[in-house]
Amino acid sequence: MTLQEIRESDKLFLTANDIAKVCGCTSQKIREQARRRPELLGFPVTVTGHRVKIPRKQFLRYIDGEPYRGEAT
C-alpha cells in the first residue's frame, strides 16, 4: 500500500505487507523485528503466531513523527 492508501483506508489493523513499501524494507524484516524487538519499531504491534498486526492510527502517528509511548489505542 502507499501512504495515501493507508491514510484513506478504514482498516483498524495493517499487516507487514501493507506497510513495507512505506517503511522502505521488506515485510519479512518487519515481521522479524516485531517478533524479536518490537519496541525498536516505533509503533505498536501485536504478534499472534505467525501474524503481525499493526494498528493503523498508531502507525500513521509514527509516520507523522509522533513518538510511541506505549499508550492505548
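Since the model is a prediction, treat every value here as computed from it, not as a measurement.

J.: Help me understand the packing of aromatic side chains, please; the structure alone is not making it clear to me.
T.: Each aromatic ring pair is characterised by the separation of its centres together with the angle its planes make. Summed over the entire model, instances satisfying the criterion amount to 3 aromatic pairs. Between the NZ or CZ atom of Lys53 and the centre of the ring of Phe13, over which it lies, the distance is 5.8 Å.

J.: Whenever I open this one, the pattern of salt bridges confuses me. Can you help?
T.: A side chain of one charge can pair with a side chain of the opposite charge if their charged atoms are brought near each other. Following the criterion strictly, the structure yields 4 salt bridges and no others. Across the pair Glu32 and Lys29 runs a salt bridge, and its minimum N-O distance is 3.8 Å. Remark: Lys29 and Glu32 occur in helix 3 (residues 27-36); sequence separation between them is 3 residues, near one turn of the helix. Residue classification places Glu32 among the partly exposed residues on the basis of a relative accessible area of 23%. Between Arg37 and Glu39 there is a salt bridge; the shortest N-O distance is 2.6 Å.

Rules used throughout
- Residues numbered from 1 in each chain as written.
- Predicted model: local features only at pLDDT ≥ 70, side-chain atom pairs only at ≥ 80, totals over all residues.
- Heavy atoms only, no water.
- Phe/Tyr/Trp six-rings, centres within 6.5 Å; stacked < 30°, edge-to-face > 60°.
- Lys NZ or Arg CZ within 6 Å of the ring centre and 35° of its normal.
- Salt bridge = Lys/Arg side-chain N within 4 Å of Asp/Glu carboxyl O.
- Helix = DSSP H or I, 4+ residues; strand = E, 2+ residues; numbered from the N terminus.
- Buried < 20%, exposed > 50% of the residue type's maximum accessible area, 1.4 Å probe, protein only.

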